[in-house]
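# Structure assessment
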Amino acid sequence: MSAENCVIVGAGAAGLMAGIFAARGGARPVIVETKEKPGAKIRISGGGRCNVLPSVVELSDFHTSGSSHALRNLFATWPLERVTEFFERELGIALYVEEETGKVFPKSDDAGEVLDALLAATHAAGARIESPWQLERLERVAHDDGARFRLIAVDGRELFARTLVLATGGKSVPKTGSDGRGFELARELGHTLAPLHAALVPLYSADPRSAELAGIALRVRLRAVRGECVLEERENDFLFTHKGFSGPVVLDVSRHFAAPDAEGVRLLAHWLGLHRLDWDEHLRQGGKKTVGGILREELPRRVVAWLLARAEVDAERKASELSRERRLALLRELVDCDLVLAGDDGYRTAEVTGGGVVLEELVTKTLESRRVPGLYFCGEIVDVTGRIGGFNFLWAWVSGRLAGQSVARELAAKT
Ligand SMILES: Cc1cc2nc3c(=O)[nH]c(=O)nc-3n(C[C@H](O)[C@H](O)[C@H](O)COP(=O)(O)OP(=O)(O)OC[C@H]3O[C@@H](n4cnc5c(N)ncnc54)[C@H](O)[C@@H]3O)c2cc1C
């Protein structure tokens, strides 16, 4: 069997982008994909609307255990404005910025439009998609025709490749095809993985009473802290669920609790309404008003009942009769509420997988492996995780394009 110039494993966000740019560079790539229909995660992204990009990006929107310098250089290869132009001008997708969140969506609010445009660009560039074709095993070979990799599918089919791009995604929502096999293959090839964990994931509450608040959404400032050290602080929408807590602000800080080094990390909530000093003043000067009444001026009734129960304060107690001890306990619940957690929802619903192939083992300029010549990585399989807001797709697009271009450059240099 003759060797393919380039095989890309995974027709998701990163793999399709790698295919487009590898093909445009003359590489004639074959993209193999487990699922019959490629891009399953793109189709369900953003609740079916596909938050294709953020409108503003900073390095602090991403997490990696690797060097931030490397990350900066990687994102510099395709600045956000250029990526946006690519989607608008080259793929022909009209985009808009959702004002309150800064997220960028297609004007059609249809993730299918993004996927269809990517697939059309993939085919137009000359990349071929083979699906279903699930990679099970990888071997390194050294054949006269330049083949360096033997790929064996679960059904025994084989492919030989001169260059190989692993774009197999993470472990989250495995029904989309990303079942984590790519991580094992990377490890088998000698790569080190930063510990894997569910990220952007709903959290479970250890307080059974919070289930009574399921469905209530409010604006919250959350802090992930270890001892006195604030690991992350974010303000955004928060949702009580039957099992605990969700909403963008919870998902954004969730990695601190789902990560392997989560020991000793606490989640503190400031239920927005008033600052500590203002609450203190309201309670001290509330006179004959009931404490419950004062809190209900700013917060939903059921949340107030829950907070009062936690602080052991009677809702009908007059503000003037509130002891100093109970007032301080209540203030703590209002601005430093310790949300004791009982785990997370895991890969079943996590939007992404934290950890993965460490950046140190990849050449920053090309995303080629430092361990295995001819092997490239892009997308979620790499140890780069974005927060909610289109950042994970941005990483998939940028890293996919870079890997695709690099493969094409390597092949062109050899002919
Ligand atoms: C519900 C949900 C909503 C999301 N919404 C957004 C959003 O709106 N905005 C945003 O920025 N991010 C969003 N994300 C995250 C985003 O989808 C991912 O970060 C992104 O898809 C990662 O791209 P990828 O190409 O690396 O992996 P994937 O898109 O997961 O693609 C990997 C592909 O590889 C294939 N594959 C895996 N193993 C093999 C194998 N052994 N052989 C062959 N093929 C294989 C898989 O079938 C899959 O098609 C969302 C995630 C989820 C789960």
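So, a few notes on the structure that sits alongside this text.

Conventions and cut-offs
- Sequence order sets the numbering: in each chain, residues are counted from 1 along the sequence as written.
- Whole-chain, interface and lining totals are the exception, using all residues; otherwise, since this is a predicted model, local features are given only for residues with pLDDT of at least 70 and side-chain atom pairs are given and counted only at 80 or more.
- Computation of side-chain values covers all heavy atoms of the structure but excludes hydrogens and water.
- Whether two strands pair comes down to DSSP finding at least two bridges between them.
- Strands are runs of DSSP state E lasting at least two residues, helices are runs of H or I lasting at least four, and both sets are numbered from the N terminus onward.
- Here a salt bridge means any side-chain nitrogen of Lys or Arg lying within 4 Å of a carboxyl oxygen belonging to Asp or Glu.
- Partly exposed describes any residue whose relative accessible area lies between the buried limit of under 20% and the exposed limit of over 50%, with all areas from a 1.4 Å probe on protein chains only and scaled to the type maximum.
- Lines are fitted to the C-alpha atoms to define the axes, a helix being fitted only along its stretch in contact, and any angle between axes, read from their N-to-C directions, falls within 0 to 180 degrees.
- Two helices cross in a left-handed way if the nearer one is turned anticlockwise from the farther one by less than a right angle. They cross in a right-handed way if the turn is clockwise.
- Should any heavy atoms of two residues lie within 4.5 Å, those residues are counted as being in contact.
- Side-chain classes are defined by residue name, with Ala, Val, Leu, Ile, Met, Phe, Trp, Tyr, Cys and Pro counting as nonpolar, Asp, Glu, Lys and Arg as charged, and the others, Gly among them, as polar.
- The nearness test applies per residue and asks whether one of its heavy atoms lies within 4 Å of the molecule or strand.
- Side-chain atoms alone can form a polar contact between residues adjacent in sequence; in general such a contact is a pair of N or O atoms within 3.5 Å, and within protein one must be able to donate a hydrogen while the other accepts it.

### Observations regarding the sheet that holds strand 6 (residues 103–106)
Spatial strand order, 3-6-5: three strands in an open sheet with antiparallel pairing. Two strands lie at the open edges of the sheet, namely strand 3 (53–54) and strand 5 (95–97), each paired on one side alone. Bridging between strand 3 and strand 6 involves two bridges; their strand directions are antiparallel. From the neighbouring strand, L53 faces strand 6, where its bridge partner is V104.

### Digging into the pattern of salt bridges
This structure, assessed with the given rule, holds 35 salt bridges. Linking E139 and R137 is a salt bridge whose minimum nitrogen-to-oxygen distance equals 2.9 Å. Note on R137: relative accessible area 40%, which makes it partly exposed. Among the salt bridges present, the one from E410 reaches K414, with a minimum N-O distance of 2.7 Å. Residue E410 and its partner K414 are located together in helix 13 (residues 391–414), separated by four residues, close to a single helical turn.

### Some words on the packing of helix 9 (residues 276–284) against helix 12 (residues 324–335)
Two elements in contact, helix 9 and helix 12, have axes separated by 10 Å at closest approach and are oriented at 140°. Between helix 9 and helix 12 lies a crossing whose hand is right-handed. Judged by residue contacts, R276, W279, D280, L283 and R284 of helix 9 engage R327, L328, L330, L331, L334 and V335 from helix 12. Counted by class, the contact of helix 9 with helix 12 contains seven nonpolar, no polar and four charged residues.

### Topic: the pairing of strand 9 (residues 149–153)
Two faces, one strand: in a regular strand the side chains alternate between the faces of the sheet. The element strand 9 is extensively covered by neighbouring structure, given that four of its five residues are classed as buried. With four bridges joining them, strand 9 and strand 10 (residues 158–166) adopt antiparallel strand pairing. Note on strand 10: the bridge partner recorded for L151 is L159. Taking the residues that link successive antiparallel strands as the turn, the strand 9-strand 10 hairpin has four residues, and the phi of G156 there is positive, at about 95°.

### Looking at the site of the ligand
In the region of the ligand, 33 residues are neighbours, and A14, E33, S178, E380 and F393 sit closest. The backbone of A13 places a nitrogen or oxygen atom 3.1 Å from an oxygen atom of the ligand. Backbone polar atom of L135 to a nitrogen atom of the ligand: 2.9 Å apart, as the coordinates give it. Elements with a contribution of two residues or more to the shell around the ligand: helix 1 (13–24), helix 2 (40–44) and helix 13. When its residues are assigned to classes, the shell around the ligand shows 14 nonpolar, 15 polar and four charged.

### Re the environment of R348
In this fold, R348 is placed in the loop between strand 18 (341–344) and strand 19 (352–357). The sequence separation of R348 and K103 amounts to 245 residues, and the corresponding C-alpha distance is 24 Å. If sequence neighbours within four positions are ignored, R348 has contacts with V173 and K243. Polar side-chain contacts of R348 include one of 3.1 Å to the side chain of D345.

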